[in-house]
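The lines below spell out each chain.
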Amino acid sequence: MIPNLPTNLPPVPVLHTERLVLRGHTASDFADVHALWSDPQVVEFITGKPSTQLESQVRLLRYIGHWAAYGFGYWHVEEKHTGDSVGDVGFGALKRDMTPPVSGEPEIGWVLATRHHGKGYATEAARAVLGWGDKHFGSTGTFCIFHPDNLGSIRVGEKLGFTFSHTAQYMGGDTPVYVRQAGREKR
């Protein structure tokens, strides 16, 4: 059995919304992360293929380590009243092989379990994350990318104040890039 040794990682802030709790990932979140990322419907517009257990484990370790490396990252999202896992929402400093490249700004992303689609959770969680980002990133804006057919996520981004910037080449296809100035949310 692998021991649980003490760590000296900085604490991930816990965010609360009306219906959700956003907290840092832990090793015990593996089953939720794997269930999310191995669902073909969830990954259809992201990676296009369900994650293996190893890929899910590496993703979970990236989530945990991102906070230590950059001081920001992804949160594990849960329903406040049930504790049910909703998904992952947060910021990344990812070195994507995109043309033209996008760098210098945090990239926000959200991914929710299929059973939680259509409840407004993506907007609610991302709004809380952006509020945190606006306080911590100063005047630095954020960006997000979408598969062009992922209309639901594009609508969420637009509700949050993201506007189309340009089309990049990523993973062999056209990828819309949306940007948001700090504090610029649509109401």
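Below is a short write-up of the structure. (Residues numbered from 1 in each chain as written. Predicted model: local features only at pLDDT ≥ 70, side-chain atom pairs only at ≥ 80, totals over all residues. Heavy atoms only, no water.)

Under the counting rule described, the total for this entry stands at 13 aromatic pairs. Residues W110 and F146 carry aromatic rings whose centres are separated by 6.0 Å and whose planes lie at 55 degrees to one another, so their mutual orientation is tilted. Here W110, found in strand 5 (residues 107-112), pairs with F146, found in the loop between strand 6 (142-145) and helix 5 (151-159); they are 36 residues apart in sequence, far enough to count as distant. For the pair shown, W110 and F146 are each scored as buried. Within the aromatic cluster, the residues linked to one another by ring pairs are W67, Y70, F72, W75, F91, W132 and F137. (Phe/Tyr/Trp six-rings, centres within 6.5 Å; stacked < 30°, edge-to-face > 60°. Helix = DSSP H or I, 4+ residues; strand = E, 2+ residues; numbered from the N terminus. Buried < 20%, exposed > 50% of the residue type's maximum accessible area, 1.4 Å probe, protein only.)

The next thing to look at is the environment of F164. With respect to the helices and strands, F164 occurs in strand 7 (residues 163-170). Counting along the chain gives 20 residues from F164 to C144, while the straight-line C-alpha distance between them is 9.6 Å. Residues within four places of F164 in sequence aside, it is in contact with P176, V177 and Y178. (Contact = heavy atoms within 4.5 Å.)

A word on the nonpolar core. Counting residues in hydrophobic clusters, the biggest one holds 29 residues, and the most contacted among them are F91, I108 and W110. For this core, the secondary-structure elements that each account for two or more residues are strand 2 (20-23), strand 3 (74-79), strand 4 (85-92), strand 5, helix 4 (121-136) and helix 5. Counting residues per element, this core draws most heavily on helix 4, at eight residues. (Core = buried A, V, L, I, M, F, W, Y, C linked by side-chain atoms within 4.5 Å.)

Looking now at the pairing of strand 8 (residues 173-180). Sheet analysis places strand 6 next to strand 8, joined by four bridges and oriented antiparallel. Directly across from F143, in strand 8, lies its bridge partner V179. Sheet topology note: the strand 7/strand 8 ladder contains seven bridges and is antiparallel. In the strand pairing of strand 8, Y170 is matched with G173. (Pairing = 2+ DSSP bridges.)

Right, let's talk about helix 5 for a bit. Taken together, the buried positions of helix 5 are S153, I154, V156 and G157. Along the axis of helix 5, the buried positions cluster into a sector of 160 degrees, meaning they face one direction only. Buried residues belonging to helix 5 abut strand 5, helix 4 and strand 8. (Arc of directions from axis to C-beta.)

This part takes up unusual backbone geometry. Note the cis peptide between T99 and P100, where omega equals -5 degrees. We note that M171 has phi near 55 degrees; this positive angle belongs to a residue other than glycine. Mapped onto the elements, M171 comes out in the loop between strand 7 and strand 8.

It is worth spelling out the pairing of strand 2 at this point. Relative to strand 2, strand 1 (residues 15-16) is paired through two bridges, and the arrangement is antiparallel. Bridge pairing in strand 2 places L15 opposite L22. The turn joining strand 1 and strand 2, which pair antiparallel and follow one another in sequence, is formed by three residues. By the bridge criterion, four bridges tie strand 2 to strand 3 in an arrangement that is antiparallel. Bridge pairing in strand 3 places V21 opposite E78.

Moving on, we get to helix 4. The end-to-end C-alpha distance of helix 4, which contains 16 residues, comes to 23 Å, matching closely the 22 Å that a straight helix rising 1.5 Å per residue would cover. Listed in full, the buried residues belonging to helix 4 are Y121, A122, T123, E124, A125, A126, A128, V129, L130, W132 and G133. Immediately beyond the C-terminal end of helix 4, within one or two residues, lies G138, with a positive phi of roughly 65 degrees. (Expected span 1.5 Å × (residues − 1).)

If you walk through the whole model with that rule in mind, you get eight salt bridges. Residue E124 pairs with R19 through a salt bridge whose shortest N-O separation is 2.6 Å. In this pair, E124 is assigned in helix 4 and R19 in the loop between strand 1 and strand 2, connecting sequence segments 105 residues apart. Here D84 and R115 are joined by a salt bridge, their closest N and O atoms 3.1 Å apart. Pair noted here: D84 is in the loop between strand 3 and strand 4 and R115 is in the loop between strand 5 and helix 4, with a separation of 31 residues, a long-range link. Here the salt bridges do not stand alone but share partners, grouping R23, D29 and E78 into one network. (Salt bridge = Lys/Arg side-chain N within 4 Å of Asp/Glu carboxyl O.)

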